[in-house]
Amino acid sequence: MKRAVFPGSFDPITLGHYDIIKRGIQLFDEVIVAIGINADKKYMFSLEQRKAFIENAFKNEPKVSVVTYKGLTVDFCQKNNVDFILRGLRNPADFEFEKAIAHTNRDLAPIETVFLLTAASTSYISSSIVRDVIRHNGDYTKLVPKSVSV
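Definitions and limits used
Residues numbered from 1 in each chain as written. Predicted model: local features only at pLDDT ≥ 70, side-chain atom pairs only at ≥ 80, totals over all residues. Heavy atoms only, no water. UniProt positions renumbered as here; feature names shortened; annotations may be inferred. Helix = DSSP H or I, 4+ residues; strand = E, 2+ residues; numbered from the N terminus. Expected span 1.5 Å × (residues − 1). Buried < 20%, exposed > 50% of the residue type's maximum accessible area, 1.4 Å probe, protein only. Contact = heavy atoms within 4.5 Å. Polar contact = N/O pair within 3.5 Å; in protein donor to acceptor, adjacent residues only side chain to side chain.

An unreviewed UniProt entry annotates the chain as Phosphopantetheine adenylyltransferase originating from Microcosmobacter mediterraneus. The record in UniProt for the chain states the following under Catalytic activity (unreviewed entry): "(R)-4'-phosphopantetheine + ATP + H(+) = 3'-dephospho-CoA + diphosphate".

J.: Please set out helix α1 (residues 15–27) residue by residue, giving values where relevant.
T.: In this model α1 runs 19 Å from its N-terminal to its C-terminal C-alpha over 13 residues, within 8% of the 18 Å that 1.5 Å per residue would give. Within α1, burial applies to Gly16, His17, Asp19, Ile20, Ile21, Gly24 and Ile25. In the core, the buried residues of α1 are packed alongside β1 (3–8), β2 (30–36), β3 (64–69), β4 (84–89), β5 (112–117) and α5 (127–135). For α1, the N-terminal capping position is held by Thr14, with its side-chain oxygen 3.1 Å away from the main-chain nitrogen of Gly16.

J.: Account for the side chain of Thr118, naming residues and giving values.
T.: One can find Thr118 in the loop between β5 and α5. According to the relative accessible area criterion, Thr118 is buried, its value standing at 15%. Look past the residues within four positions of Thr118 in its chain and what remains in contact with it is Asp19, Ile20, Arg23, Leu89, Arg90 and Ser123.

Written out as structure tokens, the structure reads:
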């Protein structure tokens, strides 16, 4: 059984994340959306809200599960018998950043990282852009799945 972890903070989940997860379930038997917990980071949405947004977006998809975790993603993968990390790439800067992490992860554990390019229609969307739109009372609904509500 091929299982992949799609890690992130998902503050909030965007249409770009949604697209990567939907395409990931075509490649893997299970995609575990893993929300990392970072006590030093200030989030707009609570952990419970972020988890609910993702669970509701994929409530009819049995191949997707949503969990939270602390620590290194590779440690989470090893503890849960997962061989793949799924990551989305929007642009060359994402690639350079993610490449360094993937090399480090492979040095730490026998975990392979699989990169998917985001769809052209969502490549400009980031959680930080969505948060900025929300802060300024803009129409964020064009950037996130229907399950995200403020």
